[in-house]
Structure formats: C-alpha cells, structure tokens
Amino acid sequence: MDTKDLIPIQIICKRYNVPISFINTLQEFQLIEIIPAKEDLFIHTKQIKEVEKMIRLHYDLDINLEGVDAIYNLLKQVESLKQEINSLHNRLRFFEDS
C-alpha cells in the first residue's frame, strides 16, 4: 500500500504531545480511521484537521471522549444541513429566475 497520503500515528502523537491511546480511543469511537500498513499504523492526511479539533476539545477544553464524540457528530450534522440549505437555496433561485 502506498503511504504517500498517510501519516504514522507516532508522528502525530509526538507533534501534538498526545498518547497513542488517545488516537486508539478515537478509532474505538469511530471518529477516525487508523490504517495498518508496513507494520505501522497510519492516519490519512485528510483526517488531520479533525484530529486537531478533537485534541483541542479533549485537552484544551477538558471535554471527555463521550462529549467529543457527541460534539463531533453534531458538527458533522450542522455541516450537512448547511450544504442542504445551500442546495435548496440554489434550486429556489433557479426557479425564481425562470
């Protein structure tokens, strides 16, 4: 497997000063996907932004992992609803212009 777009979790943990158990717990809550490859564990680069948010929620705001899970899922729902509103707004504008 090509590890070009993957970052080892050891590097992430060292960079953000978090234990590997924190990253493993995020996977247990199905908030991130850990990819095993080349006898190591990796996270896709697309997930780094989400991992940073979860680190800030947990360590900076002192929110437990269950709370991080709830907040993250609510944020995903809000983003989905925003996209739906934009789509409906564009459709409405199309019909108003006709």
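The preceding data block contains the structure.
Rules behind the numbers
Residues numbered from 1 in each chain as written. Predicted model: local features only at pLDDT ≥ 70, side-chain atom pairs only at ≥ 80, totals over all residues. Heavy atoms only, no water. Helix = DSSP H or I, 4+ residues; strand = E, 2+ residues; numbered from the N terminus. Buried < 20%, exposed > 50% of the residue type's maximum accessible area, 1.4 Å probe, protein only. Contact = heavy atoms within 4.5 Å. Areas by Shrake-Rupley, 256 points an atom, 1.4 Å probe, with all protein chains shown as cover. Lys, Arg positive; Asp, Glu negative; His and termini not counted. Charge placed at Lys NZ, Arg CZ, Asp CG, Glu CD. Phe/Tyr/Trp six-rings, centres within 6.5 Å; stacked < 30°, edge-to-face > 60°. Lys NZ or Arg CZ within 6 Å of the ring centre and 35° of its normal.

Caption draft 1: Focus on the overall build of the protein. In terms of helices and strands, the protein carries four helices and three strands. Helices and strands appear in the protein in the N-to-C order β-α-α-β-β-α-α. Taking the principal axes of the C-alpha coordinates as reference, the protein spans close to 60 × 35 × 20 Å. Per-residue burial over the protein gives 30% buried out of 98 residues. Long-range pairs, those at least 24 residues apart, make up 57% of the contacts in the protein with a sequence separation of at least 6. When the accessible area of the protein is evaluated, it comes to approximately 7,300 Å², of which 52% is carbon and sulfur surface. A distance of 6 Å separates the average location of the 12 positive side-chain charges in the protein from that of its 16 negative side-chain charges.

Caption draft 2: Quick peek at the packing of aromatic side chains. For the structure shown, the criterion picks out two aromatic pairs. Seen from their ring centres, Phe94 and Phe95 are 5.4 Å apart, and the 75° between their planes marks the pair as edge-to-face. Considered together, Phe94 and Phe95 belong to a single accessibility category, that of exposed residues. In this arrangement the basic side chain of Arg15 is found over the ring face of Tyr16, its NZ or CZ atom lying 5.1 Å from the centre.

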